[in-house]
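Remarks on the overall topology
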Amino acid sequence: EKFVRKANSIGNIDFTLICGDLTQFGLKKEFVWMHDQLKKLNHPYIPVIGNHDFVATGPKIFNKMYGPFDYSFKLGKFKFVAINTNSIEFGFDGTVPNIKWLEKELSDTSGIENIYVYSHIMPWDEGFDPNLELPFANALSKSKVKYSFHGHWHNYYVSNPYGEDVTYIVTGSTGRNSCILIKLWDNGKSTSYEQLFF
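For the structure given in this document, a descriptive report is provided here. (Residues numbered from 1 in each chain as written. Predicted model: local features only at pLDDT ≥ 70, side-chain atom pairs only at ≥ 80, totals over all residues. Heavy atoms only, no water.)

1. Structural notes on the side chain of H150
Worth spelling out the cut-off: Only DSSP runs of H or I reaching four residues or more are called helices, and only runs of E reaching two or more are called strands; each is numbered from the N terminus. Pairing of N or O atoms within 3.5 Å defines a polar contact, subject to two protein rules: one partner must be a possible hydrogen donor and the other a possible acceptor, and residues neighboring in sequence count only if both atoms are side-chain atoms. Between two residues, a contact is recorded if the distance between any of their heavy atoms is within 4.5 Å.
With respect to the helices and strands, the residue H150 is situated in strand β6 (residues 145–150). A polar side-chain atom of H150 sits 2.9 Å from a polar atom in the side chain of S119. Not counting residues up to four positions away in its chain, the partners in contact with H150 are C19, S119, H120, I121, M122, P123, Y168, I169, V170 and T171.

Right, dumping it as structure tokens:
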């Protein structure tokens, strides 16, 4: 409720990205509770699946409410790529994250100046498949990605663990009264971000 009030008090917001963990236990009623609050935003909210959303029947509910785990969309000269990075939920079987799909999305840059990736688990975390950590980081470094946004830790954290090309930003959480405001300029080349409290 506090986050919705804060977000609605800021003008010119196009959408809210949610970096996973809409729920604690993957229960339908949790998804419904969250949607009942987030639908009060003055703009759309667009989530990616988190590891807690994989509990119980969470994956089926997420699919029905929001669609596939991996997807992308364009807005002007910007492209946003959401990818499931919850490798631990798949037994580190080499399929999550889907590196081939990611590379294909990152190569589709017609008319795009900047690409933003967002997911739940960051590549250096123990819940991310260690065999896919560097392929993931390399795919971002070789593309037009400057920022990769993540949740999971619930604490604000900024790092460049794989070189200066890509900045990895872990968002705060609504439970800790924190979020990130990202500002994009129409020319597609400029981005700024700041941590907000509510």
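2. Overview of the pairing of strand β4 (residues 78–82)
To be explicit about the condition: The cut-offs for exposure are 20% and 50% of the maximum accessible area for each residue type, with area from a 1.4 Å probe on protein chains only; residues under the lower value are buried, those over the upper are exposed, and the others partly exposed. Any two strands with at least two DSSP bridges between them are considered paired. Viewed with both strands pointing away, a crossover whose connecting path from the first strand over the helix to the second turns clockwise is right-handed.
By the criterion of burial, β4 is predominantly enclosed, with 5 of the 5 residues buried. In β4, alternate side chains face the same way, and those of F78, F80 and A82 on one face and K79 and V81 on the other are all buried. Relative to β4, strand β3 (residues 71–75) runs antiparallel, the two being bridged by 5 bridges. Among the inter-strand pairings, S72 is bridged to a residue of β4, identified as V81. What sits between the antiparallel neighbours β3 and β4 is a turn of 2 residues, in which G76 has the positive phi angle 60°. Summarising the sheet, β4 and strand β5 (residues 114–118) pair through 5 bridges and their orientation is parallel. Following the sheet pairing, V81 is matched in β5 by V117. This β-α-β element, β4 to helix α4 (residues 99–107) to β5, shows right-handed connectivity.

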